[in-house]
Amino acid sequence: MSQAVAVLGTYQSEFRTQDPHHTFVEQAQIAAAGAYRDAGMTPEDVDAVVISLAPTFFMGVADADRWALDHIFGAGKPVFRVHTGGATGGSAVHAANTLVRSGLARSVLIVGAERIAETPDAQKVLNIIFDAFYERDLPLSTNTMVALRATTYMQRFGYDQEDLARVVVRARRNAMNNPYAHLKGEVTIADVLSSRMIAWPLKLFDICPRSSGSAAMIVGNMEMAKRFATRPAFVNGAGARTDTYWLGDRMGPFAESDIIEYQLIAEAARACFAQGGITDPLKQIQVAEIYDPYSINSAFTLEQAGFCSRGMALRLEREGYWDCDGGAVAVNPSGGTLCTNPIAISGLVRCIDAANQIMGKAGAMQIAGVRNALATASGGSAQFYTCTLFGADPYHA
Ligand SMILES: CC(=O)CC(=O)SCCNC(=O)CCNC(=O)[C@H](O)C(C)(C)COP(=O)(O)OP(=O)(O)OC[C@H]1O[C@@H](n2cnc3c(N)ncnc32)[C@H](O)[C@@H]1OP(=O)(O)O
């Protein structure tokens with residue numbers, strides 16, 4: 001029988017544009033030590049390490065995971081590096097979950113760090129994730145790619161830039177309660193609409209910043225949970241799906257999936273919810289930490305994951321459906337990826353914020369009575385999707 005998997009400790013740093021006082025390995029070590037401290041554990045209590053690390057170009061060192069290994073207490077243990085673009089942190093949690101659930105490890109440290117803003121123009125680096133022959137010269141970047149998706153979605157469902165702006169206003173307001181958030185503050189719809197145009201319809205405030213910082217989580221089996229945790233969160237579902245590399249095969253009448261609406265996240269969510277006993281996400285999930293690097297992204301994910309029907313998320317936003325105070329589901333009490341995006345660990349931070357809600361450790365972000373919390377991630381230009389469900393009790397499907 002598979003083992004129940006519990007979150008035993010978490011750590012995240014404050015996020016900012018640059019962190020000139022620490023190297024990448026120092027950031028990673030601070031996070032690992034922080035998670036050990038939080039769990040009351042030492043490195044000897046952990047059997048394996050998963051490193052959450054997206055493109056290493058941003059660190060200026062090839063294979064920065066190797067550089068960090070000694071500093072995160074990884075030497076002498078099995079170590080796995082995971083990389084699925086923006087979904088990296090979600091996939092890293094899934095890898096650790098698999099190691100513990102299968103009985104191969106009693107407990108696993110997941111750790112990573114990011115310093116994307118040290119690259120003068122991150123979009124030039126992000127451009128090389130696209131196919132060299134057919135796509136790269138278009139020219140695509142994450143900003144233009146998502147703008148393409150946003151334009152089509154808005155046209156399909158009749159939305160305007162104000163609908164996008166409303167998401168930003170909620171995210172920045174929520175982030176006021178998050179001591180670790182990069183961008184926060186009370187901004188108005190007018191502020192968002194008048195911010196600098198980057199790629200129509202996305203303006204500066206519709207787009208995530210480039211964030212530096214680090215994060216870590218320790219997961220363990222029931223025996224470790226009894227030793228080290230008084231109120232653990234349980235990893236009750238881990239669903240993931242991967243799309244083809246080729247953008248052209250995800251568009252048009254003959255496409256097998258729809259890149260515009262993040263169709264594959266529906267399958268990832270279905271698999272995740274089936275494992276965790278969720279049949280009606282809107283009724284059973286109290287907090288959703290959605291990976292939303294752009295104001296448009298949470299709409300795709302909420303719809304595909306079954307919180308509302310297609311094309312409805314931004315209409316429900318107008319009615320406060322996703323608000324922390326009085327909404328149907330508290331979406332991104334942390335402010336989400338729109339306020340903080342350290343790509344290599346953004347998915348991990350979503351998981352930490354969701355798990356902390358279950359463990360009652362979310363501080364000023366805490367939502368009352370959380371029994372189930374969802375964390376999502378997407379990356380590699382919408383090629384990889386992960387959904388992770390945390391619960392207050394272990395669930396056996
Ligand atoms: C879905 C996936 O596949 C995976 C993904 O996650 S896709 C997203 C990946 N991330 C990105 O593509 C990064 C997107 N962001 C950017 O490209 C840039 O931040 C930007 C074009 C929006 C702005 O660039 P810029 O003006 O050169 O800003 P940058 O040099 O980063 O930062 C300068 C200042 O602006 C601030 N800033 C950056 N982005 C901001 C934003 N969106 N709103 C408000 N302020 C912002 C920074 O905090 C910084 O202020 P401080 O110096 O006080 O720290």
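Being a predicted model, the structure only gives us computed values, none of them experimental.

1. Digging into the pairing of strand β4 (residues 107-115)
Move 1: In terms of burial, β4 is a largely internal element, nine of the nine residues being buried.
Move 2: Side chains of β4 alternate between two faces, with Ser107, Leu109, Val111, Ala113 and Arg115 and Val108, Ile110, Gly112 and Glu114 buried alike.
Move 3: Taken together, the four bridges between strand β2 (residues 48-52) and β4 define a ladder with parallel strand orientation. Residue Ile51 lies in a different strand from β4, and its bridge partner there is Val111.
Move 4: Sheet topology places β4 next to strand β7 (residues 212-220); nine bridges connect them, and they run antiparallel.

2. Things to note about the pattern of salt bridges
Move 1: Per the stated rule, a full pass over the model turns up 16 salt bridges.
Move 2: Here Asp47 ties to Arg106 by a salt bridge, and the two come within 3.0 Å at their closest N and O atoms. Separated by 59 residues along the polypeptide, Asp47 in the loop between α1 (24-39) and β2 and Arg106 in the loop between α3 (88-101) and β4 bring together distant segments of the chain.
Move 3: Looking at Asp47, the relative accessible area reads 25%, which means it is partly exposed.
Move 4: Glu118 is paired through a salt bridge with Arg115; the nearest N and O atoms lie 2.5 Å apart.
Move 5: Take Glu118: its relative accessible area is 37%, and that puts it in the partly exposed class.
Move 6: Arg115 gets classed as buried once you look at its relative accessible area, which sits at 7%.

3. Here's the deal with the nonpolar core
Move 1: One finds Tyr153, Ile296, Phe307, Leu314 and Trp322 to be the most contacted residues of the largest nonpolar core, which totals 58 residues.
Move 2: Those elements that provide at least two residues to this core are α5 (142-157), α6 (161-175), α9 (264-276), α11 (297-304), α12 (313-318), α13 (336-339) and β12 (384-391).
Move 3: With residues up to four places along the chain from it excluded, the contact list for Tyr153 reads Tyr159, Ile260, Glu261, Ile296, Ala299, Phe300, Glu303, Gly311, Met312, Ala313 and Leu314.
Move 4: Judged by nonpolar contacts, the second largest core, of 40 residues, contains Val46, Met59, Leu126 and Ala344.

4. With respect to the site of the ligand
Move 1: Taken together, the neighbourhood of the ligand is formed by 27 residues, with Thr17, Thr142, Leu204, Ile207 and Tyr291 sitting nearest.
Move 2: A distance of 2.5 Å separates an oxygen atom of the ligand from a polar atom in the side chain of Thr142.
Move 3: At 3.4 Å, a side-chain N or O of Tyr294 approaches an oxygen atom of the ligand.
Move 4: For the ligand, the accessible surface in isolation is 1,000 Å², of which the surrounding protein chains cover 72%.

5. Considerations on the side chain of Thr386
Move 1: Among the secondary structure elements, Thr386 is positioned in strand β12.
Move 2: Relative accessible area serves as the criterion here: at 2%, Thr386 is assigned to the buried category.
Move 3: Excluding residues within four positions of it along the chain, Thr386 makes contact with Ala87, Gly90, Ser91, His94, Gly239, Ala240, Ala375, Thr376 and Ala377.

6. A short note on the side chain of Thr142
Move 1: Secondary-structure assignment places Thr142 in helix α5.
Move 2: One polar contact links Thr142 to Tyr294, side chain to side chain, over a distance of 3.3 Å.
Move 3: Other than its neighbours up to four places away in sequence, Thr142 contacts Gln123, Leu126 and Tyr294.

7. Observations concerning the UniProt feature "domain: Thiolase C-terminal" (unreviewed entry) in the protein chain
Move 1: Summarizing the sequence annotation, UniProt attributes the feature "domain: Thiolase C-terminal" (unreviewed entry) to residues 257-390 in the numbering used throughout.
Move 2: Secondary structure within residues 257-390 divides into 39% helix and 15% strand; the distance between the first and last C-alpha atoms comes to 28 Å.

8. Examining the environment of Gly336
Move 1: Topologically, Gly336 is positioned in helix α13.
Move 2: What makes Gly336 buried here is its relative accessible area of 2%.
Move 3: When the C-alpha positions of Gly336 and Ser298 are compared, they lie 9.5 Å apart, and in sequence the two are 38 residues distant.
Move 4: If we skip the residues at most four places from it in the chain, Gly336 touches Glu289, Asp292 and Arg350.

9. So, the packing of aromatic side chains
Move 1: Counted under the stated rule, the structure contains ten aromatic pairs.
Move 2: Ring centres 6.3 Å apart and planes at 75° place the aromatic pair Tyr134 and Trp246 in the edge-to-face group. Taken together, the positions of Tyr134 in the loop between α4 (122-127) and α5 and Trp246 in the loop between β8 (233-242) and α9 put the pair 112 residues apart, joining distant regions of the chain.
Move 3: What makes Tyr134 exposed here is its relative accessible area of 67%.
Move 4: Residue Trp246 is classed as partly exposed on the basis of its relative accessible area, which comes to 36%.
Move 5: Taken together, a centroid distance of 5.0 Å and an interplanar angle of 55° make the contact between Tyr153 and Phe157 tilted. Taken as a pair, Tyr153 and Phe157 lie in helix α5 at a separation of four residues, close to a single helical turn.

About the criteria used
- Residues numbered from 1 in each chain as written.
- Predicted model: local features only at pLDDT ≥ 70, side-chain atom pairs only at ≥ 80, totals over all residues.
- Heavy atoms only, no water.
- Buried < 20%, exposed > 50% of the residue type's maximum accessible area, 1.4 Å probe, protein only.
- Helix = DSSP H or I, 4+ residues; strand = E, 2+ residues; numbered from the N terminus.
- Pairing = 2+ DSSP bridges.
- Salt bridge = Lys/Arg side-chain N within 4 Å of Asp/Glu carboxyl O.
- Core = buried A, V, L, I, M, F, W, Y, C linked by side-chain atoms within 4.5 Å.
- Contact = heavy atoms within 4.5 Å.
- Near = heavy atom within 4 Å.
- Polar contact = N/O pair within 3.5 Å; in protein donor to acceptor, adjacent residues only side chain to side chain.
- Areas by Shrake-Rupley, 256 points an atom, 1.4 Å probe, with all protein chains shown as cover.
- UniProt positions renumbered as here; feature names shortened; annotations may be inferred.
- Phe/Tyr/Trp six-rings, centres within 6.5 Å; stacked < 30°, edge-to-face > 60°.

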